[in-house]
Structures are given as structure tokens and as C-alpha cells.
Amino acid sequence: MRRTLIVAIMLALSSAPLLVSAEIAAQAAAITEVTTQLPRDVRPTHYAIEVAPHAESLAFDGKVTITLDVLKATDRIVLNSVGMRFSSVHIHSTRNKRAYADPKVSIDEAAQTATFAFPAKLEAGSYLLTMEYTGTIGTQANGLFAIDYVTKEGKKRALYTQFENSDARKFIPSWDEPNYKATFDLAATVPSAQMAVSNMPIKHAEDLGKGMSRVTFATSPKMSTYLLFFGVGDFERATAKSDGIEFGVITQKGLVSQAQFALESSQVVTREYNDYFGVPYPLPKLDNIASPGSSQFFGAMENWGAIFTFERGLLVDPAFSTDSDKQRIFGTAAHEIAHQWFGDLVTMQWWDDLWLNEGFASWMAGRTAQKLYPEWKSELGEVGSREYAMSSDAIASTHPIVQKIETVEQASQAFDTITYSKGSAVINMLENYVGADAWRDGVRRYMKAHAYSNTRSDDLWQAVEAAAGKPITAIAHDFTLQPGVPMISLDEVSCKNGQTTIKLSQGEFTKDRPDKKSLAWRVPVIAQTLGGEPTRALIEGGAGTMQLPGCGAVLLNAGQSGYYRTRYSPTAFAALRDSFSKLPPVDQLGIMGNTSALGMTGLQPASDILDLIKATPLDVDAKVWGRVADSLQGFDSYYQGDKPRQQIFRAFAIKTLRPVMQKYGWEAKAGESEPDAILRTNLIGSLADLGDAEVIAEARRRYAVRNEDPKAMPRPLYKTIQGIVANHADAATWEQMHADARAEKNTMMKDRLYQLLASAEDKTLAQRALDMALTDEPGATNGASMISAVAGQHPDMAFDFALAHREKVEPLVDSTSSSRYYPRLAGQSMDPAMVGKLRNYADKYVAASSRRATQTAIENIEYRIHIREKRLPEIDAWLKKQAG
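Per chain, residues are indexed from 1 in the order of the written sequence. Predicted model: local features are reported for residues with pLDDT of at least 70 only, side-chain atom pairs are reported and counted for 80 or more only, and whole-chain, interface and lining totals are derived from all residues. Calculated side-chain values reflect all of the structure's heavy atoms, with hydrogen atoms and water omitted.

Digging into the overall build of the protein
So, step 1. Under the DSSP-based scheme used, a helix requires at least four consecutive residues in state H or I and a strand at least two consecutive residues in state E, with every element numbered from the N terminus. The secondary structure content of the protein amounts to 28 helices and 28 strands.
So, step 2. Dimensions of the protein along its principal axes, counting C-alpha atoms only, are 95 × 70 × 55 Å.
So, step 3. Within the protein, contacts between residues at least 6 apart in sequence are counted, and of these 70% link residues at least 24 apart.
So, step 4. For the area figures, the Shrake-Rupley method with a 1.4 Å probe applies, and any residue is considered shielded solely by the protein chains shown. Accessible surface computed for the protein: about 33500 Å², of which carbon and sulfur atoms make up 51%. Working rule for contacts: check all heavy atoms of both residues, and any pair within 4.5 Å makes them a contact.

As C-alpha cells, then:
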């Protein structure tokens, strides 16, 4: 609910019978029209929390004393609370120590609030509100939750918290909205033999006897509730001191050595960010805590000073972790550490501007990988991320980057491709437009001006404009306040006296609304003739002209920094296709993605992408061949259920990839780059998915002799071979993997084995996996993931099963993921009947205001069916022509 109270608050303050401090008056004056689900007449400044978790019974006792300011006289205080029982609530004034009569407590679980109604009004001023209560420890990653895992010493249970976006209210009664920043003290009663961790270092530990201790942490900086963290378990910690900061990694006992790369990454990334942001990291320590298990909602969380990451995103296991895993671990750490500034130090006012956190952290992680590990060529991966965003942004259910959020469920759904990947791509475009130095200077201004406070997107644009001396707000608004993907068309090309003149027009790219009237954007365009210097222009008003040095094929979006589609005439496209091998890898990737997208919507021949694939030379960059393999697998998925046509396509796809596979082989080569090593695993996996009998047979052979010949499954190929065998498993192989999963003591591999059991092509085995997912065997956080894994092969089967067993499935899914989980299961379906099933599901179980995920799934299914009906015949004709 949206409340606008500033006028009323100021009038109340002006007539208040008690003197009100200038600080409180300033707080009231600072309140603006920020969305809220709480009254704006009370504001917390400090939480003193005491918690005693009872891990064995999945419950905890809590006590919190909140220092708060009443901004206008009121007879009630409303705050957020979920699943709590209050045993006592007291309040007294900090000014005159006056104690007030205890309030009547009313709980509204649907609204997630607790209301304390007092017999007499509280006058404006400062108070201490003390509450004692009990709460529940969950088994999914929301609030305070437990993770059970198996070790060589037996079963263990660890506790962690996850509060984003709106789950701190399950741990402490609080003003659980990002704009209510406060400081936090936390004390916990825990087993003496276990390690407790929070945002700040331990200030004091007291032995209470009987194997229990009281651990008190130092006071946190001013921050939002969703950034608070607490964990306790049989942990060990490795540390390193750098630049005055204590860096730590915390794992279950025995695994801390596997976190060394993450520990090293934390130091180099933080040093880079200290310089980039111009504001030093302000906390005394920065931990990264690894947890077994998984979530349907997130992989890591940026709690200030205490990042939480599931083990697969933090640990490097010497037996099976790959180069790709290592790069992902770095990317995750770089993303979460970027949040220590963008999100933690400076926080969005409300979830409307969530992208300020996530889009910027995603962009910053990519930028940092490019700088610190240029050999990874991560900038090429950013093209794929942008493509993914544009695909999501081209259907009717898309939304602006800055979106209106009114409910908790809408906030949960905001963590999506548009927020992360489009946000990152738009930042990349704007930085390229104003220049890297000017952009960085603007970010530094923004950080210094808004440290420990809350902002909106316009605060960033104003800071960058001031630093760059170049207007960007209008451009930024075009790309952040309206949805969709611009499309720049090359309408005319003429060359005279060594200079090419091009005429451009701006439309809109859409996958499902061919007659949609185009929105208008101001689009920064970079264009060049091949071999010529890039030229920049801002295309506004729907059209523009550019002068390019040189004559020859014209390339739009040169360097691929722009967030827009490009459309060429057949002649202009043919010129690029014929010069494809001469293009930089980044532009090869961009043209491939663009050609595929336009081909699938009928804006150019669907077979043009296959012409590009045929034009791809063997010695092209490894990541380009990775894109080719992905494209071929994508086409193959549209043929599911039509074996005769699929076999024809697969013959072409395998013939295309085999020479590349022969070049890279099964064995690593001395001195090869990480991208080359990663391509090898991708090629093996892709060929197996395409039904290459030779690759599948070799994978099975290596798997069969793995115990006798350790070289048969080397570390880089271990998971790839394992995955192929599981995917193509017969009953005997599946049973053996099941036995391996039950016996496995390595938590990462144990979780993986249960996921692999759910990846079988065989429907009978898939059904067994679905049945197993509802038991206690896989672990509380693996059941939902197993159903999702089945959906990868059998979406209709998985969706029908989950809905039929919804009462058992719901406890396996994080509450923050519930409305998205079921539509995602169905997302790869090609059955028109699934559209009706999804609509019935949403009508029955999802609030009308929270159905975007369902509508997105429906639109994607309809789009896939459209491709199958309208575009595959073009592909078939092309394949027939090639065969002829």
C-alpha cells in the first residue's frame, strides 16, 4: 500500500505538545513518496537483538529492543512480523524514562504485520520498544533456516539466515523495508563447540556452562534489515589480512582448503573496488560463508560483511571442479562484493529500483573479470547475457527495468533477467556512451553523496551527468522506464569518395506482437565499415544518418555495447556473411544472436543463421564455437517428438561440430587456454545431447572404467561424462548412480548425483526421480531441484506431477520462489494444452497481481509452438537443399 504522509507529519510536528528534536524533524522532512506497506509515523534507528536457536526442534527464542522515533503522536505501532508469538511487549521514552502501559498485540499473517495498540497516544519523540517472542526455523532458505547434510562423521545441521527480499520479519519483528535503515547489535546463545558468524566480528564470548556460550557481535553500520546475517554450525574459517580488512571464508569442517580461490578472489576484487568506487570498504571484515544445499531463488547473498554462498558457488573440489566452475565462483564473488557498495552502502529506496543493486553488480562483476583475467575473454560471455535479456524483453509480459512494486510477491518476482542482465547491458551501453573515466567519476560522486542512505535511479544519472558534462538522463529513462528492445534498421547505404553514408531508422523488436506500434528510444549507435574506424551517433526521433570512413560491408552495433537489435537488407547481410571470418569474435557473436532472433520472428530468413554457422571457420575463437553448439542444440529442441525430421537436423549438426571436436579432442593439450578447455566440455556435452553415438559410447566407456583408470575421467571432464551417462542411463546404470548418491559423503557431489538421477531421458526413470523428490532421502533443498531437472527433459510430466502433489511440493520450495516455480517447470513445453493448464493454475493459486511468471511461460510456449509451425519448415528446406 502506498502512503503519502509528509504533509500530515509536518503539520503534526508543528503542533506537537512536546518539544521534538531537530534530528527527528529532519527525518520527517526527508521522507518522500516512497512505496511502503507500513505507516510512516515511526522510524527505527537501532535494533538490539538476542536470539537463542533450538536447532533440534526447529524453533528459536528472540528478544529485541528497538530504538525508534515516533514522528507524530500515535496510539499504535505497526511493524513487520511473520510466524511469531509475542510473550511480552513494553515501551518507554528515552527522554524522560516514562513507561507506558503494555499494548494490545494483533497479528495479521496475511499482511505480515504485528500491530501494538496502546491505551494512550505516544507523543512524538524517541522510545525503546522491547519485545520477547518465539519463531520457527525453516527448512528452505527463507528467514532463519536449517540445512542438514552428511559427513564422514555422520549427519550434521547448520543454521543460516536469508532475508532478501522480505524475510527478516521471520527473524525479528522489524520495519522490514529497505528505506528503514538502522544499526544492529546481535547476541546469540549457541553451542560452545560450534562457530557463530554475523555481519560484524565477535566482540565478546561468554561461557554459560552446559556446553553453551553467549556470543555478542560488534555493532553494525547503518543498513537495511535484509542485509543482516546470522549463522551457526560446525564450521571452520580461513583468513587473510589485506588493506586493513580481515577476509574470511567459512565452510563446513574439512572443506576450507577448497575455498582458497574464493579467499584470494575476495582480496583482489575488494582492492579493485576500493579504487573504483573511491570509498574504501567500511567494515573490519568480509566473510564468505559456504553452505550445503540449494535454493530455487538464489545462489548467493550480499549480507554486509557476511556473504552467503551455496557451496557449488564457492568451493573448488580438486576431484571434479572445472575451469568453468572456477570462473563462475569468481563471478559470484565479484557480484556479491560489488553489492557491498551498490546495495549495502547505498541502497535503493524501494524494490522499484532493485536493478540499481543487481544490474550494477552484474555489470561490475563482468568488468572486473575482464580486467583481472583477460584470458577468460568474459566480455564475449556478456554478449550472451545481453541476448538472453533481449529475448525476455521482446515478449508482451516484459517490464521496465525500473518497475512498480507493490507487494512482497512482486518484489520476489523482480529478481529476473530484466533486472540483472538488461540492467547490466544498459549500464554497459551508457558507460560506453559517456566514456569509462567519466562514468567511474560519476559513480564515485554517487557513492560519496549517498553513503549509508537510500537512492533512486535518477540520483545515479544526475551524478554521472555532473561528472561527464554530457546529458544521459533522457537516454537512461528511455531504456529503464519503458520496456522492450529497440531495433535499428539499415535502410540505405551509399559510398562516395571513400566515405559511406548510411540511413537508419528505429523501430521495435518483438517476438509475439508483429503489429505492435513501436516505442521511441534515443539510441547510442556505433557503426563502421569493415576495416574502417567506428563512428558514433545518437539516433533520436526515429531516424538518423551517419557518415562512415571507408567503403564495404556495414556493421551496426560494432563492439556490441548497444542494447538494440539490428536489421539489414538481404544484400547488406550477405556482405557481412561473406566477411564473417574477418570480424572480431565479439561481433561474430552479436551477429549470430541477432540473426537467429530475427530469423525466428520472420524478419529475415530463418535459415540465415545456418548460413553463418556454415561460414564459421574452424580456427575461430572458442566462444564462437560454443555459441554455434548452443544454437544447434536450441534448434534441436524444437524438433522434440518428431524423430524423422529431428534425425535429419541432427545429422547436419553433428557433421558441423565433429571437425571441431576432432581438433580439440578428449584430452587436454599442454598450454591450452581456459576457454579452449571449456569448449571441449561443451562440445562433448552438445554432441551427446544431439545423439552422437560415438560420443555417448566413449563417455560410457570412460565412466565404466573410472575406478580402474583414474585418467578416464580427468577433473575437467568428470561432470560432463557423468552427466552424459545419467542422461542416457538405463535402469541398471540409474540404480548404480542411486546407490552412489546414498553412499556419497561429499555434499556437493551428493547433491549433484540426486540432480543427475532426475535428468534421465527415459520416462520411467524420470518418474522414479519425481517420486523420490517428495521423500526425505535427497535432502530438503534438493527435492524441488530434482523436479526442475526432470522438467529439463519432460516439462509436461514434471508440471503435471508437481501440481498433482502440490501440498507436498510447496514445503520444498522457498516462499520467495513459489509463484515462479511451477511456470518454470512448464516453460519448455511444446504442447498447446499447457497454456490452459497454466492459466488454470494461476487462477487457482496465484494472486492476480503476481502472475507475470505464468504469463511469461505461456508466451514462451506459444512462441516455441509458432517457431515449430512457421520456421522449422524453412530449416527443413535449407537442410534438403544442402543435402541435394
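Next comes the rest of the account.
Focus on the state of the cysteines
So, step 1. Cysteine sulfurs are considered disulfide-paired once they come within 2.5 Å of each other. Tallying each qualifying case throughout the model produces one disulfide.
So, step 2. The disulfide partner of Cys-495 is Cys-551, and the gap between their sulfur atoms is 1.4 Å. In this pair, Cys-495 is assigned in strand 22 (residues 485-496) and Cys-551 in the loop between strand 26 (543-549) and strand 27 (554-556), connecting sequence segments 56 residues apart.
So, step 3. By relative accessible area, Cys-551 is classed as partly exposed at 41%. Here's how the labels work: a residue is buried when its accessible area is under 20% of the maximum for its type, exposed when over 50%, partly exposed in between, all with a 1.4 Å probe on protein chains only.

Here we look at the nonpolar core
So, step 1. Put simply, buried Ala, Val, Leu, Ile, Met, Phe, Trp, Tyr and Cys residues joined by side-chain atoms within 4.5 Å make one nonpolar core. Counting 275 residues, the largest nonpolar core has Leu-129, Trp-175, Phe-277, Trp-439, Met-447 and Ile-787 as its most contacted members.
So, step 2. For this core, the element with the highest residue contribution is helix 28 (residues 852-883), accounting for ten residues.
So, step 3. Once you skip the residues sitting within four places of it in the chain, Phe-277 turns out to touch Ala-338, Trp-341, Phe-342, Phe-360, Met-364, Val-443, Arg-444 and Met-447.

Re unusual backbone geometry
So, step 1. Look at the link from Glu-164 to Asn-165: it is a cis peptide, with omega at 10 degrees.
So, step 2. As for its position among the elements, Asn-165 is in the loop between strand 9 (154-162) and strand 10 (183-191).
So, step 3. Phi at Gln-112 takes a positive value of approximately 60 degrees, unusual for a residue other than glycine.
So, step 4. Relative to the helices and strands, Gln-112 is located in the loop between strand 5 (104-108) and strand 6 (113-122).
So, step 5. Even without glycine at this site, Gln-560 takes up a positive phi of about 65 degrees.
So, step 6. Within the secondary structure, Gln-560 is located in the loop between strand 27 and strand 28 (565-567).
So, step 7. The class for Gln-560 is buried, based on a relative accessible area of 9%.

Observations regarding the packing of aromatic side chains
So, step 1. Each Phe, Tyr or Trp ring, with Trp reduced to its six-membered ring, pairs with another whose centre is within 6.5 Å; inter-plane angles below 30 degrees give stacked pairs, above 60 give edge-to-face pairs, and intermediate values give tilted ones. For the structure on display, the rule yields 47 aromatic pairs.
So, step 2. Between Phe-86 and Phe-116 the ring centres are 5.6 Å apart and the planes differ by 85 degrees, which places this aromatic pair in the edge-to-face class. Linking Phe-86 in strand 4 (residues 85-93) with Phe-116 in strand 6, this pair joins segments that are 30 residues apart in sequence. Here the two residues Phe-86 and Phe-116 agree in accessibility, since each one is buried.
So, step 3. An angle of 80 degrees between the planes, with centres 5.2 Å apart, marks the rings of Phe-652 and Trp-878 as edge-to-face.

Quick notes on the environment of Cys-495
So, step 1. In this structure Cys-495 comes out as partly exposed when scored by relative accessible area, which is 39%.
So, step 2. Between the C-alpha atom of Cys-495 and that of Thr-225, which follows or precedes it by 270 residues, the distance is 61 Å.
So, step 3. Excluding its chain neighbours within four sequence positions, the residues that come into contact with Cys-495 are Thr-500, Gly-550 and Cys-551.

Remarks on the packing of helix 4 (residues 323-339) against helix 17 (residues 674-689)
So, step 1. Between helix 4 and helix 17, the least distance of the axes is 9 Å, while the angle of their chain directions is 120 degrees. In terms of orientation, helix 4 and helix 17 fall into the oblique class. Each of Asp-323, Ser-324, Lys-326 and Gln-327 in helix 4 lies in contact with helix 17, whose residues at this interface are Glu-674, Ala-677 and Ile-678.
So, step 2. Here the nonpolar group is Ala, Val, Leu, Ile, Met, Phe, Trp, Tyr, Cys and Pro; Asp, Glu, Lys and Arg are the charged ones; every other residue, Gly included, is treated as polar. By residue class, the composition of the contact of helix 4 with helix 17 is two nonpolar, two polar and three charged. Orientation is described by lines fitted to C-alpha atoms, with helices fitted over the stretch in contact, and by angles between N-to-C directions that extend from 0 to 180 degrees. By the definition adopted for this analysis, an angle is roughly parallel if under 35 degrees, roughly antiparallel if over 145, roughly perpendicular if from 65 to 115, and oblique otherwise.

A short note on the layout of surface pockets
So, step 1. We place a 1 Å grid over just the protein atoms. Points where a 1.4 Å probe fits but has no way out form a cavity, open points with protein on both sides within 12 Å along at least 5 of 7 lines form a pocket, and any residue with an atom within 4 Å of a point lines it. Grid points are joined across faces, edges and corners, and a volume is the space filled by probe spheres set on the points. By volume, the second largest pocket amounts to about 690 Å³.
So, step 2. If you go around the second largest pocket, you meet 30 residues; those closest to its centre are Asp-148, Asp-776, Pro-778, Gly-779 and Ala-780.
So, step 3. Considering every element that reaches the lining of the second largest pocket, the biggest residue donor is strand 8 (residues 143-151), with five residues.
So, step 4. Residue composition of the lining of the second largest pocket, grouped by class: 13 nonpolar, eight polar and nine charged.

A look at the sheet that holds strand 4
So, step 1. By the convention used here, strands pair only if DSSP detects at least 2 bridges between them. On the basis of which strands lie adjacent, the open sheet formed by seven strands has the order 4-7-2-1-10-13-12 and mixed pairing. Each end of this open sheet is capped by a strand with a single partner; those strands are strand 4 and strand 12 (202-209). Across the sheet, the axes of successive neighbouring strands diverge by a mean angle of 15 degrees, strand direction being ignored.

Structural notes on the pairing of strand 17 (residues 285-291)
Within a regular strand, the side chains alternate between the two sheet faces.
So, step 1. When you tally the buried positions in strand 17, you get seven out of seven residues, the bulk of the element.
So, step 2. Residues Lys-285, Asp-287, Ile-289 and Ser-291 point to one face of strand 17 and Leu-286, Asn-288 and Ala-290 to the other, with burial holding for every one of them.
So, step 3. The sheet contact formed by strand 16 (residues 245-252) and strand 17 spans five bridges and is parallel. Of the residues in strand 17, the one forming a bridge with Gly-248 is Asp-287.
So, step 4. In this view, the connection linking strand 16 to its parallel neighbour strand 17 by way of helix 3 (residues 260-277) has left-handed handedness.
So, step 5. Where strand 17 lies against strand 19 (residues 306-310), five bridges are found, and the strand directions are parallel. Paired with Ala-290 across the two strands is Thr-309, which belongs to strand 19. Here, the term right-handed applies to a crossover whose path from the first strand over the helix to the second runs clockwise when the strands point away from the viewer.

Shape descriptors only; they carry no functional weight alone.
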